[in-house]
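# Examining the three-dimensional arrangement
These are the residues of each chain, in order.
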Amino acid sequence: YLYAFASNNIHYDPIIALVTKKSGPFRLVITGSNFQPGAQVFIGDNIAPTQYKSSNKLVVKGGDALKAMLPKGLPVSIAISNPDGGASSKFNYVRP
């Protein structure tokens, strides 16, 4: 029997360590590890406009539309999906 194993099937799930709110314009900075270019950020069930900064920093933009996804004082789940299929655990974020 011949077995072929692709070496590119290994992925490291992204890990969210901290979510920080910034203003002017309203945005979120997500820090953690194993982020990849093209990573998508899910806020609840919505995909948020995401800018890759580094393997440990993403910026979620969107101003008022983003603010609407994060009702003040209510927990909202944030998760990251990498292009290679890796996915983070849900991070519960409460906008102060």
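All figures in this text were calculated on a predicted structure; none of them were measured in a lab.

## Here we look at the side chain of Arg-95
Within the secondary structure layout, Arg-95 lies in the segment after β8 (91–94). We note that Arg-95 is buried and unpaired, the nearest opposite charge coming from Asp-64 at a distance of 8.3 Å. Within the local environment of Arg-95, its side chain forms a polar contact with the backbone oxygen of Leu-70, the two atoms lying 2.7 Å apart. Every residue in contact with Arg-95, bar those within four places of it in the chain, is listed here: Lys-21, Phe-26, Lys-67, Leu-70, Pro-71, Lys-72, Gly-73 and Leu-74.

## Brief notes about the confidence of the model for the chain
Predicted coordinates in regions of low pLDDT should not be interpreted in detail. Mean pLDDT over the chain works out to 91, with 91% of the residues at or above the 70 mark. Per-residue pLDDT, averaged within each element of the chain, yields its smallest value for helix α1 (residues 63–69) (94) and its largest for strand β6 (residues 57–60) (98).

## Notes on the environment of Gly-63
As for its position among the elements, Gly-63 is in helix α1. Using a relative accessible area of 16% as the deciding quantity, one classes Gly-63 as buried. A sequence separation of 14 residues divides Gly-63 from Ser-77, and the C-alpha atoms of the two residues are 18 Å apart.

## Structural notes on the pairing of β6
Taken together, the 4 bridges between strand β2 (residues 27–33) and β6 define a ladder with antiparallel strand orientation. The residue of β6 that forms the bridge with Thr-31 is Lys-57. Pairing geometry for strand β5 (residues 50–54) and β6, over 4 bridges, is antiparallel. Each residue of the ladder has a partner; that of Tyr-52, found in β6, is Leu-58. Hairpin connection from β5 to β6: 2 residues lie between these consecutive antiparallel strands.

## Notes on the nonpolar core
Counting 18 residues, the largest nonpolar core has Leu-28, Ile-30, Ile-43 and Ile-78 as its most contacted members. Elements represented by at least two residues in this core include exactly β1 (15–22), β2, β3 (40–43), β6 and β7 (75–81). Look past the residues within four positions of Ile-30 in its chain and what remains in contact with it is Ile-16, Leu-18, Val-19, Phe-35, Val-41, Asn-56, Lys-57, Leu-58, Val-60, Ile-78 and Ile-80.

## As for the sheet that holds β2
Read across the sheet, 4 strands follow the order β1-β2-β6-β5 without closing on themselves; strand pairing throughout is antiparallel. Unpaired on one side and paired on the other, β1 and β5 mark the two borders of the sheet. With strand direction ignored, the average angle separating the axes of adjacent strands in the sheet is 20°. Summarising the sheet, β1 and β2 pair through 7 bridges and their orientation is antiparallel. Its bridge partner being in β2, Lys-22 is matched across the sheet by Arg-27.

Thresholds applied
Residues numbered from 1 in each chain as written. Predicted model: local features only at pLDDT ≥ 70, side-chain atom pairs only at ≥ 80, totals over all residues. Heavy atoms only, no water. Helix = DSSP H or I, 4+ residues; strand = E, 2+ residues; numbered from the N terminus. Buried < 20%, exposed > 50% of the residue type's maximum accessible area, 1.4 Å probe, protein only. Lys, Arg positive; Asp, Glu negative; His and termini not counted. Salt bridge = Lys/Arg side-chain N within 4 Å of Asp/Glu carboxyl O. Polar contact = N/O pair within 3.5 Å; in protein donor to acceptor, adjacent residues only side chain to side chain. Contact = heavy atoms within 4.5 Å. pLDDT = per-residue confidence, 0-100. Pairing = 2+ DSSP bridges. Core = buried A, V, L, I, M, F, W, Y, C linked by side-chain atoms within 4.5 Å. Axes fitted to C-alpha atoms, helices over the stretch in contact; angles between N-to-C directions.

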